[in-house]
Amino acid sequence: MKELMVRAIYCESLGYEASFSYIHAIKLAQQGAGLEKRVGYLAVSLFLNENHELLLLLVNTVLKDLQSTNLIEVCMALTVVSQMFPKDMIPAILPLVEEKLNHPKEIIRRKAVLALYKFYLIAPNQVQHIHNKFRKALCDKDPGVMTASLHIYLQMIQENPEGYKDLTASFVTILKQVVGGKLPIDFNYHSVPAPWLQIQLLRILSFLGKNDQSVSELMYEVLDESLQRAEMNHNITYAILYECVRCIYTIHPKSELLEKAAQCIGNFVLSPKINLKYLGLKALTYVVQQDPKLALQHQMTIIECLDHPDLIIKRETLELLFRITNAQNVMVIVEKMLEFLRVSTDDYTTIDLVGKVAELWFIETMNTVFSVGGDMMQPDIPNSFLKLLSEGFDCVEDDRKLRLFAVDSYISLLHGEPGKLPQRFLQVISWVLGEYSHLREELEPASVLRLLEKLLDMKQTSSETKNWVLMAMTKLCVGGASVSVAQQVSETYISSMDTVLRQRAQELQHFGQDSEVRTRVLPRDTDLENTIFDVDSSLSFLDGFVSEALAAGAAPYKPPHQRQEELAQAKALSLEPYGLSLPISMSSCSIADRQSPTPLSMSSGLSTTLKLDGVKRVWGREGYLVQRESVEETAQVEVPSPLRSPSQQAEANGSHSQTPTQTPTPEPEQEKQQLAASLFFGLSSQSSVCLMGKSGPTSHRFRRKAKGQGSISGATEQTSKTKLNDSDIKGSDPSLSEDSGLVAADSEDMNPHEDPERPKDLCLSSHLPAELSGLCHSEISPLCSIQSLDLSACHVQKDDSLVLVIFIQNSSDSAIRQIPLDLDSDELEVMYYVSRVSDSPVEDVRSHDVAVYQYSLTVKRPSVHVEVVGTVSCPVGTPQTVRFSYKLPLTTFIRPLTLSTEEYGTMWLAFSHDTKQNLTLISDDPEPLTATLSVLKRKLQLHVVEIIGMEGILACRLLRDRPCLMHCRVHAGALAVWLRSPVPDLPDCLIYHCQRALQED
Amino acid sequence: MQFMLLFSRQGKLRLQKWYVPLSDKEKKKITRELVQTVLARKPKMCSFLEWRDLKVVYKRYASLYFCCAIEEQDNELITLEIIHRYVELLDKYFGSVCELDIIFNFEKAYFILDEFLLGGEAQETSKKNVLKAIEQADLLQEPRHEYFNVPVY
């Protein structure tokens, strides 16, 4: 049976269903003896869980075994009990387990304590009466039992630290003894005394010492000792150190300990061991809320971790950044988070991070948008923002956080200088505070009311804003203090000239007095999507009033358009030009004419404005993404730039004056520093002074960090100097580049173009413009070089044009601006290529880069060879102009012309210029004429129109559209060629090329 | 600790111990996904994972992965040492343990685990004491079982 049960367990762990064997497992535990019982218990504990109904059948077996005289059986029973036991059966065995606390064998006592711990976890109130027995266990002479009892204490102290303050001294003594090595050697783990016990105690102490100075003072000494003792380079000591650090930062702070703990964290973060790095980051995350400076010390490491290949490290780093987010660095951090989101595939992480991004970015950005955009923005934006806030996302908890965050940030804004905020923002603020300030429980409604009241008293507050504020106050006035404030306010405004304001003040007064009506009219936490407002659009509740008025002789209501028509008819005047404005003014009149609406209709009216059916969801999920990107872009431009130059300069200074051998910081390092600067921007400005002080004592391990940090604090202190430095650098730039440029030119002169042309050609051809790269181009040949500039050229034959491409290669270290380049030709018309925006070929050539100029060439006057001459001068250094020329055969301008024989005939007669010549015929071919013509066709791109017997006709065109026709006849072993064209000289040039082509062949 | 899993490099589950009540379906789902996640990680990466809402500590010994899920506030490094100690115990008990030992004697591996961890907490951290308890149980039971040779049913 035992074997079978083992096999059943194996089947289950392979994933096969073996539920039929569950009952046998219980039976085996019940009836088996020795090993069989043990396997039975094991099978039960693996198969079933706490809530399984079969577990009830085990209770009797456990009872029996607990009473057994066999130690092993008792152990087995206690083991299974502390793993799983039906909750409602605990009372049945509790007395027996309690009894075991006094058992002579420590292993039984230990297991009993752990069983009680389990009971405490699943049903705390059932073990309440034995708390004093726990104390006895804590004082047990066996350290194992004592350790076990700490689990219970940790749990209880976590829930209620106040109740166990008196035990602090005992815990501290125990820890002191453990750290001092008073325990038997059995408890050592890799020669560290009882690490599990130490960690457990440290956790307990941190709960006890939290926010309690007197209790914390008791433990300073032992914490210090633990820190010192844990010197060995082993994981287990790091575990203890980590726990120590956490404890030190949790309890009431003591500066010496904090310093030591900070150094510990530094060691963790800088450790090459990835596990320690992770824990270091975690510790930093934990610590950074109290002490942002610490993050600043390790900023370079943090930046490196951001690019770590391990996503877990990356994520932890983001978590850390999330904690140090402030108004200055929010953009950069959110950007980093989004970057991570793009690569992350894990849904869980994504959800978590998206929530954070939304929380951070959304409110902060909207705050900026509102305060900057202010009154200029469309009313849609605040409306949809509020809509989004009130509808929320799918997760209730996220919504709550988001709203809470909004409330917090608005309260702090109002505490500042609300007078500077734009009206619309104030409206949004008052709405949010009215709706959600109750989420922040410690916030008194009266204090919010007072903040709002301040807004009302400000001169620049518009009456519309005052309306919003009064509405918010109406929502908020609960309880004595706030009602009195509300009364005061309403008395001021009840006599206001503005009717709407008066209305609001009335409402405020009434609702303040009668809270029952208030809660009915303005229910809290209204979910706009789920609540259906019964807006009576036909205003039927006014029917009675209307009929009364009608009975009293009032004129019946007419819709505005009807009135307008009547008006037009009555006056018999054309009101066309004002047609648009009139109905509007009349409708507003009609509102004013009506009795001022009842409070109910007004408030429901306000709610409907928030429903905003017509408003586009600009801030819907896709919508605000777009907006976000644009915001970020601007942020990128703004944030890093002022910080970069000083840090660069600091770097440069360092490399020049102090350590001349040191290589200058490589490019990525600078980028990182720049990133660091933007990430830690807000932090450094808060604490730059302390930093300078702090960088002193930090030992050599921090040297690299200290430098970065110095540059940052320098940056903030010297912001006024920044610009100066900047221009200094720029001013020195040209001379530097000139030097290097000269050197480069010299070396170029020493071996002018000795290197084979091929590789250069290859690299230059990669610079060919995309639209030309597909076409075949001639070999790229060098034109000339001037100082650090090398000019080369090639031509590209397109179907309807010839493009000359000139490459200017800049081999110097600096950009060269505005290179004057002129091209001219006697035979050709040179046009700077049209695809460029500017019509003159003036361009900047960056250092070690190639500028490409394109010219389109057309033939003015045909010649056998055409030539382009150009001049170029280098704007840098001594003025110097170099001439160059580029020669092309005329054939590059020849394209085939497709014609029919008839067209050929008519054109032939029309052309005036002609020439005749006898050319050699390719005679070794059976069909000499065809062979000859195909050579011409291939080499000169002539189009063979037709071959009739011994005669052939061909056609071509000179770019663009200037035709030339050719008639050939085999006569006496030679080819008699007759060319005709409307262009003078063209036939002559062409016959020359034909001759060459046939001779070469 | 919430649970402990042992699985091979091929993703075969060798040992599982759950300290939180979960249905079989959930257990299987978690196991499958976690095994995939852990196997996908490269050797140089750190041994800690934030996986879903769990914190997972894993370590590879030869062809076996030991993987523990712990609570948020638990100490990761000490969990790593728990794994290590468990491996040491297995090693001592089986005498240079290999995967096959665990496959063929997995109930023994469970017994050792139960003696070392109880209800998800370290119960007895002394190597000597754990093995003494196991040996006692083995010695006491095996001969008794042979002596009486009781038919079970």
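Just so it is clear, the structure is predicted and the values come from calculations on it, not from any experiment.

A closer look at the packing of aromatic side chains
Moving on, step 1. What the rule picks out here adds up to 18 aromatic pairs over all chains.
Moving on, step 2. The interplanar angle of 70° and the centroid separation of 6.1 Å between the aromatic rings of A:Y153 and A:F171 together place this pair among those described as edge-to-face. One end of the pair, A:Y153, is in helix α9 (residues 143–159); the other, A:F171, is in helix α10 (residues 168–179), and 18 residues separate them in sequence.
Moving on, step 3. On the numbers, 5.7 Å between centres and 75° between planes, the contact of A:Y238 with A:F268 is edge-to-face. Of this pair, A:Y238 sits in helix α13 (residues 235–250) while A:F268 sits in helix α14 (residues 255–270), and the two are 30 residues apart along the sequence.
Moving on, step 4. Given the relative accessible area of 4%, A:F268 is considered buried.
Moving on, step 5. Of note, A:R38 hangs over the ring of B:F111, and the distance from its end group to the ring centre comes to 3.9 Å.

What to know about the pairing of strand β8 (residues 849–859) of chain A
All names here are of chain A.
Moving on, step 1. Along β8, 11 of the 11 residues are buried, which leaves the element largely enclosed by surrounding structure.
Moving on, step 2. Neither face of β8 is exposed, since D849, A851, Y853, Y855, L857 and V859 on one face and V850, V852, Q854, S856 and T858 on the opposite face are all buried.
Moving on, step 3. Across 5 bridges, strand β7 (residues 828–832) lies against β8 in antiparallel orientation. Each bridged residue has a counterpart across the sheet, and for Y832 the counterpart in β8 is Y855.

Points about the sheet that holds β7(A)
All names here are of chain A.
Moving on, step 1. Read across the sheet, 5 strands follow the order β3-β4-β5-β8-β7 without closing on themselves; strand pairing throughout is antiparallel. Each of the sheet's edge strands pairs with one partner strand only, and the pair in question is β3 (781–786) and β7. For this sheet, the mean inter-axis angle between neighbouring strands, taken without regard to orientation, is 25°.

Thoughts on empty space enclosed by the protein
Moving on, step 1. Tallying each qualifying case throughout the model produces 5 cavities of 30 Å³ or more.
Moving on, step 2. Of the volumes computed, that of the largest cavity is approximately 170 Å³.
Moving on, step 3. Taken together, 16 residues line the largest cavity, and the ones lying closest to its centre are A:S45, A:L48, A:M84, B:W18 and B:V20.
Moving on, step 4. If you list the elements that add at least two residues to the lining of the largest cavity, you get α3 (35–47) of chain A together with β2 (13–18) of chain B.
Moving on, step 5. Ranked by residues supplied to the lining of the largest cavity, first place goes to β2(B) with 3 residues.
Moving on, step 6. Tallied by class, the residues present in the lining of the largest cavity amount to 8 nonpolar, 4 polar and 4 charged.

Some thoughts on the packing of α10(A) against helix α12 (residues 213–229) of chain A
Residues and elements named next belong to chain A.
Moving on, step 1. One can describe the packing of α10 onto α12 by two numbers: an axis separation of 10 Å at closest approach and a directional angle of 15°. In this view, α10 runs roughly parallel relative to α12, as classed from their interaxial angle. For the element pair α10 and α12, the recorded crossing hand is left-handed. Here α10 contributes T168, V172, L175, K176 and V179 to the contact with α12, which in turn contributes V215, L218, M219, E221, V222, E225, S226 and R229.
Moving on, step 2. Its residues placed into classes, the contact of α10 with α12 shows 7 nonpolar, 2 polar and 4 charged.

Concerning a negative patch on the surface
Moving on, step 1. On the surface, a cluster of negative charge is made up of A:D822, A:D824, A:D826 and A:E867.
Moving on, step 2. One can find A:D824 in strand β6 (residues 821–824).

Looking at the environment of A:L78
Residue and element names in this part refer to chain A.
Moving on, step 1. Among the secondary structure elements, L78 is positioned in helix α5 (residues 71–83).
Moving on, step 2. Linking L78 and R110, residues 32 residues apart in sequence, is a C-alpha distance of 9.7 Å.
Moving on, step 3. With sequence-adjacent residues up to four places away left out, L78 is seen in contact with L66, V97, I108, K111, A112 and A115.

Some thoughts on the side chain of A:Q198
Residues and elements named next belong to chain A.
Moving on, step 1. Relative to the helices and strands, Q198 is located in helix α11 (residues 195–209).
Moving on, step 2. Reaching out from Q198, the side chain makes a polar contact with the backbone oxygen of P193 at a distance of 2.8 Å.
Moving on, step 3. Each residue touching Q198, except ones within four places of it in the same chain, is listed here: L175, V178, V179, V192, P193 and I240.

Looking at the interface of chain A and chain B
Moving on, step 1. Facing 66 residues of chain A, the contacting portion of chain B comprises 64 residues.
Moving on, step 2. Across the chain A/chain B interface, buried area totals approximately 6000 Å², and carbon plus sulfur atoms make up 54% of it.
Moving on, step 3. Between chain A and chain B we count 6 salt bridges in total.
Moving on, step 4. Two residues, A:D310 and B:R41, come together in a salt bridge whose shortest N-O distance is 2.7 Å.
Moving on, step 5. In the side of chain A that touches chain B, the residues fall into 32 nonpolar, 18 polar and 16 charged.

Structural notes on the nonpolar core
Moving on, step 1. One finds A:V62, A:L116, A:F119, A:Y153, A:F171, B:F66 and B:Y86 to be the most contacted residues of the largest nonpolar core, which totals 196 residues.
Moving on, step 2. Not counting residues up to four positions away in its chain, the partners in contact with A:F171 are A:L138, A:L150, A:Y153, A:I157, A:L201, A:I204, A:L205 and A:L208.
Moving on, step 3. Of all hydrophobic cores here, the second largest spans 61 residues; its members include A:Y853, A:C874, A:L942 and A:L954.

A short note on the pattern of salt bridges
Moving on, step 1. Enumeration according to the criterion identifies 21 salt bridges over all chains in this entry.
Moving on, step 2. Two residues, A:D166 and A:R135, come together in a salt bridge whose shortest N-O distance is 3.3 Å. In this pair, A:D166 sits in the loop between α9 and α10 while A:R135 sits in helix α8 (residues 131–138), placing the two residues 31 residues apart along the sequence.
Moving on, step 3. Overall, the relative accessible area of 33% leaves A:R135 in the partly exposed class.
Moving on, step 4. A salt bridge links A:D224 to A:K260, with the shortest nitrogen-to-oxygen separation between them at 2.7 Å. Here A:D224, found in helix α12, pairs with A:K260, found in helix α14; they are 36 residues apart in sequence, far enough to count as distant.
Moving on, step 5. Overall, A:K260 belongs to the partly exposed group, its relative accessible area being 33%.
Moving on, step 6. Salt bridges linked by common partners bring A:K282, B:K55 and B:E76 together as one network.

Some details on the environment of A:E464
Residues and elements named next belong to chain A.
Moving on, step 1. Note that E464 resides in helix α25 (residues 463–476).
Moving on, step 2. Exposure remark for E464: the relative accessible area of 44% places this residue in the partly exposed category.
Moving on, step 3. In sequence terms E464 and D498 are 34 residues apart; their C-alpha atoms lie 10.0 Å from each other.

Quick notes on the sheet that holds β6(A)
All names here are of chain A.
Moving on, step 1. Taken in spatial order, the 3 strands of this open sheet run β6-β9-β10, and their pairing is antiparallel. With one partner strand each, in any of the chains shown, β6 and β10 (881–889) form the two edges of the open sheet. The mean inter-strand angle of the sheet, taken between neighbouring strand axes irrespective of direction, is 20°.
Moving on, step 2. Two strands pair when backbone bridges link them, and β6 and strand β9 (residues 865–873) are joined in this way by 4 bridges, in the antiparallel orientation. The residue bridging D822 from the neighbouring strand is T871, located in β9.

Some remarks on unusual backbone geometry
Residues and elements named next belong to chain A.
Moving on, step 1. Positive phi outside glycine occurs at A194, with the angle close to 35°.
Moving on, step 2. Tracing the chain through its elements places A194 in the loop between β2 (192–193) and α11.
Moving on, step 3. Residue A194 is classed as buried on the basis of its relative accessible area, which comes to 5%.
Moving on, step 4. Look at Q941: it is not a glycine, yet its phi comes out positive at around 60°.
Moving on, step 5. Structurally, Q941 is set in the loop between α42 (928–940) and β13 (943–948).

Digging into the confidence of the model for chain A
Moving on, step 1. Per-residue confidence for chain A gives a mean pLDDT of 72, with 67% of residues at or over 70.
Moving on, step 2. Segment residues 834–840 of chain A: pLDDT under 50, and 7 contacts once partners within four positions in sequence are set aside and those in other chains are kept.

With respect to the side chain of A:T932
Moving on, step 1. Mapped onto the elements, A:T932 comes out in helix α42.
Moving on, step 2. A:T932 sits in the buried class, given a relative accessible area of 0%.

Section: the packing of helix α2 (residues 22–31) of chain A against α3(A)
Residues and elements named next belong to chain A.
Moving on, step 1. The contact between α2 and α3 brings their axes to 7 Å, and the two run at 145°. Every pair of crossing elements has a handedness; the one defined by α2 and α3 is left-handed. Of α3, the residues touching α2 (which contributes Y22, A25, I26, L28, A29 and Q30) are E36, K37, V39, G40, Y41, A43, V44 and F47.
Moving on, step 2. Looking at the contact of α2 with α3, its residues break down into 10 nonpolar, 2 polar and 2 charged.

A short note on the state of the cysteines
As used in these notes, a disulfide is a covalent bond between sulfur atoms, one from each of two cysteines.
Moving on, step 1. Scanning the entire structure with this criterion turns up 0 disulfides over all chains.
Moving on, step 2. For the unlinked cysteine A:C244, the closest cysteine sulfur is that of A:C247, found at 6.9 Å.

Considerations on helix α4 (residues 59–66) of chain A
Residue and element names in this part refer to chain A.
Moving on, step 1. Listed in full, the buried residues belonging to α4 are V59, T61, V62, D65 and L66. Projection of α4 onto a plane perpendicular to its axis shows the buried side chains occupying an angular sector of 160°, all on one side.
Moving on, step 2. If you follow the buried residues of α4, they end up packed against α2, α3, α5 and α6 (90–99).

About the cut-offs
Residues numbered from 1 in each chain as written. Chains lettered and ligands numbered in written order. Predicted model: local features only at pLDDT ≥ 70, side-chain atom pairs only at ≥ 80, totals over all residues. Heavy atoms only, no water. Phe/Tyr/Trp six-rings, centres within 6.5 Å; stacked < 30°, edge-to-face > 60°. Helix = DSSP H or I, 4+ residues; strand = E, 2+ residues; numbered from the N terminus. Buried < 20%, exposed > 50% of the residue type's maximum accessible area, 1.4 Å probe, protein only. Lys NZ or Arg CZ within 6 Å of the ring centre and 35° of its normal. Pairing = 2+ DSSP bridges. Axes fitted to C-alpha atoms, helices over the stretch in contact; angles between N-to-C directions. 1 Å grid on protein atoms, 1.4 Å probe; cavity = no way out; pocket = protein on both sides within 12 Å on 5 of 7 lines; lining within 4 Å. Points joined across faces, edges and corners; volume = space filled by probe spheres on them. Nonpolar A, V, L, I, M, F, W, Y, C, P; charged D, E, K, R; others polar. Parallel < 35°, antiparallel > 145°, perpendicular 65-115°, else oblique. Left-handed = near helix turned anticlockwise from the far one by under 90°. Contact = heavy atoms within 4.5 Å. Patch = residues over 30% accessible without salt bridge, like charges linked within 9 Å, V, L, I, M, F, W, Y side chains within 5 Å. Areas by Shrake-Rupley, 256 points an atom, 1.4 Å probe, with all protein chains shown as cover. Salt bridge = Lys/Arg side-chain N within 4 Å of Asp/Glu carboxyl O. Lys, Arg positive; Asp, Glu negative; His and termini not counted. Charge placed at Lys NZ, Arg CZ, Asp CG, Glu CD. Polar contact = N/O pair within 3.5 Å; in protein donor to acceptor, adjacent residues only side chain to side chain. Buried area = accessible area lost by both parts, 1.4 Å probe. Core = buried A, V, L, I, M, F, W, Y, C linked by side-chain atoms within 4.5 Å. pLDDT = per-residue confidence, 0-100. Disulfide = S-S within 2.5 Å. Arc of directions from axis to C-beta.

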